[in-house]
Amino acid sequence: MKERDEFFRIDETGACFLAGRLLHPALDPLEAARKDLAVLLNSARPEDTVVMAGAGLGWHLKAALEGLSPEQIIVCQATDHDKMWLDCLGPDLPPLAWVR
């Protein structure tokens, strides 16, 4: 897991970094995810499908669910371990389509 730890890191303030890039700040990570996805969510139509891929995805998925229905989202994660990050956000996430 050493390579993964260097790739995905949470610093002492709670800020999350992916490949050295700030993924979301410690304060209001949901708002940061909303800003990341604003263009996508503003242009998404009811017939569109969005594939969300990567490690974590928790806050970004919550932000996407504010503008999309669960049926519009497919979550792609490489391992079951990656799903752990979503599980940390609690039971309020709706059932979603998962692929590997």
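Residues numbered from 1 in each chain as written. Predicted model: local features only at pLDDT ≥ 70, side-chain atom pairs only at ≥ 80, totals over all residues. Heavy atoms only, no water.

(A) Up close: the nonpolar core. Formed by 15 residues in total, the largest nonpolar core has its most connected members in Met52, Leu61, Ala64 and Ile73. Of all elements in the fold, only helix 2 (29–43), strand 4 (50–53), helix 3 (58–67) and strand 5 (73–76) reach the threshold of two or more residues within this core. Contacts of Met52, omitting those with residues within four sequence positions, involve Leu37, Leu57, His60, Leu61, Ala64, Ile73, Ile74, Val75 and Cys76. (Core = buried A, V, L, I, M, F, W, Y, C linked by side-chain atoms within 4.5 Å. Buried < 20%, exposed > 50% of the residue type's maximum accessible area, 1.4 Å probe, protein only. Helix = DSSP H or I, 4+ residues; strand = E, 2+ residues; numbered from the N terminus. Contact = heavy atoms within 4.5 Å.)

(B) Examining the environment of Ala26 more closely. Turning to its location among the elements, Ala26 is positioned in the loop between strand 3 (21–24) and helix 2. Distance from Ala26 to Gly14, taken between C-alpha atoms, is 4.5 Å for residues twelve residues apart in sequence. For Ala26, the residues in contact, after removing those within four places along its chain, are Thr13, Gly14 and Ala15.

(C) Spotlight on the environment of Ala19. One can find Ala19 in the loop between strand 2 (16–18) and strand 3. Judged by its relative accessible area of 52%, Ala19 falls in the exposed class.

(D) Region of the structure containing the sheet that holds strand 2. Taken together, three strands build an open sheet; the order of strands is 1-2-3 and the sheet is antiparallel. On the outer flanks of this sheet lie strand 1 (8–10) and strand 3, each paired with one strand and no other. Each strand of the sheet is rotated relative to its neighbour by a mean of 35°, with strand direction disregarded. Bridge analysis of strand 1 against strand 2 gives three bridges, and the strand direction is antiparallel. Along strand 2, the bridge assignment pairs Phe8 with Leu18. (Pairing = 2+ DSSP bridges. Axes fitted to C-alpha atoms, helices over the stretch in contact; angles between N-to-C directions.)

(E) Broad picture of the pairing of strand 3. Sheet topology places strand 2 next to strand 3; three bridges connect them, and they run antiparallel. In the sheet register, Cys16 faces strand 3, and the bridge partner there is His24. Linking two consecutive strands that pair antiparallel, namely strand 2 and strand 3, is a turn of two residues; a positive phi of about 55° is found at Ala19 within it.

(F) Quick peek at the pattern of salt bridges. Summed over the entire model, instances satisfying the criterion amount to four salt bridges. With a closest N to O distance of 3.5 Å, Arg45 and Glu47 form a salt bridge. Residue Arg45 is classed as partly exposed on the basis of its relative accessible area of 46%. Judged by relative accessible area, Glu47 falls into the exposed class, the value being 55%. (Salt bridge = Lys/Arg side-chain N within 4 Å of Asp/Glu carboxyl O.)

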